[in-house]
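If you want the building blocks of each chain, they are given just below.
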Amino acid sequence: MAKSYDVIIVGAGMVGALSAILLAKSSLRIALIDQHDGEYLLSVPPAYDARVSAISSQSKALLESAEVWQGIDKSRIACYDNMVVWDGLGDGFIDFNAQVTAMPELGHLVENAVLNQQLMTRVRALKSVDLYLSDTLESHELSESRVRAELSSGQILEAQVMIAADGALSKLRTENAFDTLEWDYGHHAIVTTIEIAQSHQNTAWQSFGEEGILAFLPLPSVAQKHYVSIVWSVPPNEAKSLMALDEHAFCRRLHYAMNKRFDVLGITQVRQAIPLRQRHAKQYVKAGLALIGDAAHTIHPLAGQGANLGFGDVKALVEVLEKAHRRGEHLGSSKVLRRYQRARMLDNIAMAAGMEAFKRLFSTQQPLLVQLRNIGMKQFHRNTSLKRKLVARAAGLSSFS
Ligand SMILES: Cc1cc2nc3c(=O)[nH]c(=O)nc-3n(C[C@H](O)[C@H](O)[C@H](O)COP(=O)(O)OP(=O)(O)OC[C@H]3O[C@@H](n4cnc5c(N)ncnc54)[C@H](O)[C@@H]3O)c2cc1C
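Thresholds applied
- Residues numbered from 1 in each chain as written.
- Predicted model: local features only at pLDDT ≥ 70, side-chain atom pairs only at ≥ 80, totals over all residues.
- Heavy atoms only, no water.
- Helix = DSSP H or I, 4+ residues; strand = E, 2+ residues; numbered from the N terminus.
- Rg over C-alpha atoms; globule rule 2.2 N^0.38 Å.
- Buried < 20%, exposed > 50% of the residue type's maximum accessible area, 1.4 Å probe, protein only.
- Contact = heavy atoms within 4.5 Å.
- Areas by Shrake-Rupley, 256 points an atom, 1.4 Å probe, with all protein chains shown as cover.
- Near = heavy atom within 4 Å.
- Polar contact = N/O pair within 3.5 Å; in protein donor to acceptor, adjacent residues only side chain to side chain.
- Nonpolar A, V, L, I, M, F, W, Y, C, P; charged D, E, K, R; others polar.
- Axes fitted to C-alpha atoms, helices over the stretch in contact; angles between N-to-C directions.
- Parallel < 35°, antiparallel > 145°, perpendicular 65-115°, else oblique.
- Left-handed = near helix turned anticlockwise from the far one by under 90°.
- Salt bridge = Lys/Arg side-chain N within 4 Å of Asp/Glu carboxyl O.
- Patch = residues over 30% accessible without salt bridge, like charges linked within 9 Å, V, L, I, M, F, W, Y side chains within 5 Å.
- UniProt positions renumbered as here; feature names shortened; annotations may be inferred.
- Core = buried A, V, L, I, M, F, W, Y, C linked by side-chain atoms within 4.5 Å.
- Pairing = 2+ DSSP bridges.
- Phe/Tyr/Trp six-rings, centres within 6.5 Å; stacked < 30°, edge-to-face > 60°.
- Lys NZ or Arg CZ within 6 Å of the ring centre and 35° of its normal.

## Topic: the overall build of the chain
Per the secondary structure count, the chain includes ten helices and 22 strands. Against the compact-globule benchmark of 21 Å for 401 residues, the chain has a radius of gyration of 22 Å, which places it among compact chains. By principal-axis analysis of the C-alpha atoms, the chain measures approximately 65 × 40 × 40 Å. When burial is assessed residue by residue, the chain has 54% of its 401 residues classed as buried. Partitioning the intrachain contacts of the chain with sequence separation of at least 6 by distance along the chain shows that 72% fall at a separation of at least 24. For the chain, the accessible surface area stands at approximately 17300 Å², while carbon and sulfur atoms represent 52% of it.

Take a look at the structure:
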């Protein structure tokens, strides 16, 4: 006997869980499926989780509307109101400040596990969401009129529409033959938490240099000691050697890669190396199915925008489905789902193209290009109106479309 819902969401990561919470507001009946058990073990500061996300103002507002942000322990959130980006091969730098856009801050940093845990706490409190955890999608059928899912536990679910929030390696995207533009960035990102001697000044620091792309992202201080989360993108061979270094040697490399701005005292979390790939589905929807978040697109983490784009997808899809529900339209019809695709694709492509251009621009060590790049950075640094536009865009307060 199949259980009947309005929406089946596959994947209860940040993007899938937030979709379930927001859709539940419109009294839609939702099934949320994840192979994970939905329990997130939180590390104890200063061993902050190695995976953190910079959350934009717009994403924070969305998480507040879902009553998720308010539940996060404030001692696990760091606010940053300044961002400094510089070229390690020259003297060009750009300083972005929240005051430029009259915003109280540029964004917040939160550990992924902390955010995921709070999302699941909120999901569990909702009567209209049924959770299928430690379970996977075994097979599925899609059509304009009905979708059907069979889970590995043997449960059979039916609904009007299915949402693929099953991440970068989305089975729903591949099994339904979504054409996807995909290439390797030729970079692995090393992530971990470190202690630094000087204050991070509530600033996100980013260096583009011979040593790769390195970000120091502020974390809350503990007992007046200072911590940052690092994201260090380097070619795979370099990542392998950096991962093999002992703690002392790794900290020394970080000190030099950050132009000696910070004394690096130690590592408080296990290092992870994550291969980086660009992916973009050429379509986000087919009859009965919509791709969102990393299932639809992944980008280089250099501007900390992947999850923010995913939350933008959630906002747009929820608005489209709520409106269709009020009008009595069938939620899985291609006509309805294409409205979501139209609302999101241009913005997501523009952000992906921007990240690619940035990554390529800073990958070259060709002297003439390095000189031009530094001149460009200095010009940009003096152009307040351009900086205001870029900051507003990164905060999700303006769009390309
Ligand atoms: C180094 C790095 C740094 C980053 N920093 C930032 C940042 O600062 N800011 C930012 O906005 N973004 C950042 N990102 C991007 C961000 O982490 C991702 O965009 C985001 O986590 C994607 O969330 P998601 O819910 O779409 O996918 P996921 O988090 O991958 O969730 C997918 C879920 O689907 C489940 N699942 C998969 N397949 C199945 C199946 N068959 N059946 C059932 N369940 C399934 C998985 O268990 C998982 O829970 C960063 C990424 C990297 C690599």
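## Thoughts on the site of the ligand
Lining the immediate surroundings of the ligand are 27 residues, of which Asp-34, Ala-54, Asp-294, Ala-307 and Asn-308 lie closest. Note that a nitrogen atom of the ligand is positioned 3.3 Å from one of the backbone N or O atoms of Gly-306. The backbone of Ala-307 places a nitrogen or oxygen atom 2.9 Å from an oxygen atom of the ligand. Relative to its unbound accessible surface of 1000 Å², the ligand loses 85% to contact with the protein. Listed by contribution, the elements that provide at least two residues to the shell around the ligand are helix H1 (14–24), strand E4 (52–55), strand E14 (180–196) and helix H7 (306–327). A class-by-class count of the residues in the shell around the ligand yields eleven nonpolar, eleven polar and five charged.

## Some remarks on the packing of H7 against helix H8 (residues 334–361)
Axis separation between H7 and H8 bottoms out at 9 Å; the angle between their running directions is 165°. With respect to H8, the element H7 is oriented roughly antiparallel. As H7 runs across H8, the sense of the crossing is right-handed. Counted together, Leu-309, Gly-312, Asp-313, Ala-316, Leu-317, Val-320, Leu-321, Ala-324 and Arg-327 of H7 and Val-336, Leu-337, Arg-339, Tyr-340, Ala-343, Arg-344, Asn-348 and Met-351 of H8 form the full contact between these two elements. Partitioned by chemical class, the residues of the contact of H7 with H8 number eleven nonpolar, two polar and four charged.

## Brief notes about the pattern of salt bridges
Considering all chains together, one arrives at 18 salt bridges under this definition. As a salt-bridge pair, Asp-130 and Lys-3 come within 3.4 Å of each other at their nearest N and O atoms. Of the two residues, Asp-130 is situated in strand E9 (residues 129–133) and Lys-3 in strand E1 (residues 3–4); the sequence distance between them amounts to 127 residues. The partly exposed category is assigned to Lys-3, whose relative accessible area is 38%. Note that Arg-344 is salt-bridged to Asp-347, the shortest N-O span being 4.0 Å. In this pair, Arg-344 and Asp-347 both sit in helix H8, three residues apart, roughly one turn of the helix. Residue Arg-344 shares its accessibility class with Asp-347, and that shared class is buried.

## Looking at a nonpolar patch on the surface
There is a patch of nonpolar side chains on the surface, built from Leu-368, Leu-369, Leu-372 and Ile-375 and spanning about 380 Å² of accessible area. Judged by its relative accessible area of 54%, Leu-368 is exposed.

## A short note on the UniProt feature "transmembrane region" (unreviewed entry) in the chain
In this structure's numbering, the residues bearing the UniProt feature "transmembrane region" (unreviewed entry) are residues 7–24. End-to-end, the C-alpha atoms of residues 7–24 are 10 Å apart, and along that stretch the chain is 61% helix and 22% strand.

## Points about the nonpolar core
Judged by nonpolar contacts, the single largest core of 73 residues is most densely connected at Ile-8 and Leu-115. Among the elements that line this core, the one with the most residues is H1, at nine residues. Sequence-distant contacts of Leu-115, defined by excluding residues within four places in its chain, comprise Met-14, Ile-55, Leu-63, Val-68, Ile-72, Val-110 and Phe-311. Ala-50, Leu-217, Val-231 and Met-355 belong to the second-largest nonpolar core, a separate cluster that totals 32 residues.

## A word on the packing of H1 against helix H3 (residues 112–124)
At a closest axis distance of 9 Å, the pairing of H1 and H3 adopts a crossing angle of 25°. Taken together, the axes of H1 and H3 lie roughly parallel to each other. In this structure, H1 meets H3 at a crossing whose hand is left-handed. Between H1 and H3, the residues in contact are Met-14, Ala-17, Leu-18 and Ile-21 and Asn-112, Leu-115, Asn-116, Leu-119, Met-120, Arg-122 and Val-123, respectively. Split into classes, the residues belonging to the contact of H1 with H3 amount to eight nonpolar, two polar and one charged.

## Digging into the sheet that holds strand E8 (residues 107–111)
The three strands are arranged E4-E8-E5 in an open sheet whose pairing can be described as antiparallel. Lying at the two open borders of the sheet, with one neighbouring strand each, are E4 and strand E5 (77–80). The sheet shows a mean angle of 25° between the axes of neighbouring strands, direction not considered. Here E5 runs beside E8; their pairing, made up of four bridges, is antiparallel. Bridging across to E8, Ile-77 finds its partner in Val-110.

## Some thoughts on the packing of aromatic side chains
By the definition in use, this model includes seven aromatic pairs. Ring geometry for Tyr-5 and Tyr-132: centres 6.4 Å apart, planes at 90°, overall edge-to-face. One end of the pair, Tyr-5, is in the loop between E1 and strand E2 (7–10); the other, Tyr-132, is in strand E9, with 127 residues separating them in the sequence. Like Tyr-132, Tyr-5 is buried. Site record: aromatic cluster; members linked through ring pairs are Trp-86, Trp-205, Phe-216 and Phe-262. The ring of Phe-178 has Lys-286 sitting right over it, with the charged end atom 4.8 Å from the ring centre.

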